[in-house]
Amino acid sequence: MKGNDLNRVNTCFTVGYTIAMIPQNLLVQVVSARIVFPAMTVTWGALTMCTAAAQNTSHLCVIRFFQGMAEASTFVGAVRPFLPLSLSVLLD
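Residues numbered from 1 in each chain as written. Predicted model: local features only at pLDDT ≥ 70, side-chain atom pairs only at ≥ 80, totals over all residues. Heavy atoms only, no water.

1. Observations regarding helix 1 (residues 5–30)
Right, on to step 1. With 26 residues, helix 1 extends 38 Å from end C-alpha to end C-alpha; this agrees with the ideal 38 Å at 1.5 Å per step.
Right, on to step 2. At Met21, helix 1 is deflected by roughly 40°, the largest bend along its length, and proline Pro23 occurs up to four residues later in sequence.
Right, on to step 3. Among all positions in helix 1, only Asp5, Val9, Phe13, Gly16, Tyr17, Ala20, Gln24 and Val28 are buried. (Helix = DSSP H or I, 4+ residues; strand = E, 2+ residues; numbered from the N terminus. Expected span 1.5 Å × (residues − 1). Bend = angle between axes of the 7 residues up to and from the residue. Buried < 20%, exposed > 50% of the residue type's maximum accessible area, 1.4 Å probe, protein only.)

Spelled out as structure tokens, the structure:
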């Protein structure tokens with residue numbers, strides 16, 4: 001990698017994460033979280049292993065895009081339970 005390649009790869013991840021946040025939230029409301037979160041974790045892990053096979057920056061961008069989509073489900077599981085608590089602290 002050279003030049004702005006790392007920036008482009010990180011942008012691909014962020015775009016995938018941003019695009020998938022709302023669909024992942026809706027998916028968790030329809031399908032049980034005990035199914036969605038482990039499935040996304042396994043998907044994320046498999047994509048992480050695929051980064052070792054990336055031959056160029058384009059391959060890495062595609063993998064990181066889908067990795068961002070898989071990681072978007074963690075926002076629901078990690079932040080949502082604490083959201084009412086944090087809002088009550090801010091409003092007091």
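2. Here we look at the packing of helix 1 against helix 2 (residues 33–50)
Right, on to step 1. Put simply, helix 1 and helix 2 touch, their axes get as near as 8 Å, and they point 140° apart. Put simply, helix 1 runs oblique to helix 2. Side by side, helix 1 and helix 2 meet where Gln24, Leu27 and Val28 of the first sit next to Ala33, Val36, Phe37 and Met40 of the second.
Right, on to step 2. For the contact of helix 1 with helix 2, the residue count by class is 6 nonpolar, 1 polar and no charged. (Axes fitted to C-alpha atoms, helices over the stretch in contact; angles between N-to-C directions. Parallel < 35°, antiparallel > 145°, perpendicular 65-115°, else oblique. Contact = heavy atoms within 4.5 Å. Nonpolar A, V, L, I, M, F, W, Y, C, P; charged D, E, K, R; others polar.)

3. Looking at the state of the cysteines
Right, on to step 1. Enumeration over the complete set of coordinates arrives at 0 disulfides.
Right, on to step 2. The thiol of Cys12 is not disulfide-bonded; the next cysteine sulfur, from Cys61, is found 3.1 Å away.
Right, on to step 3. On the basis of relative accessibility, which here comes to 9%, the residue Cys61 falls in the buried class. (Disulfide = S-S within 2.5 Å.)

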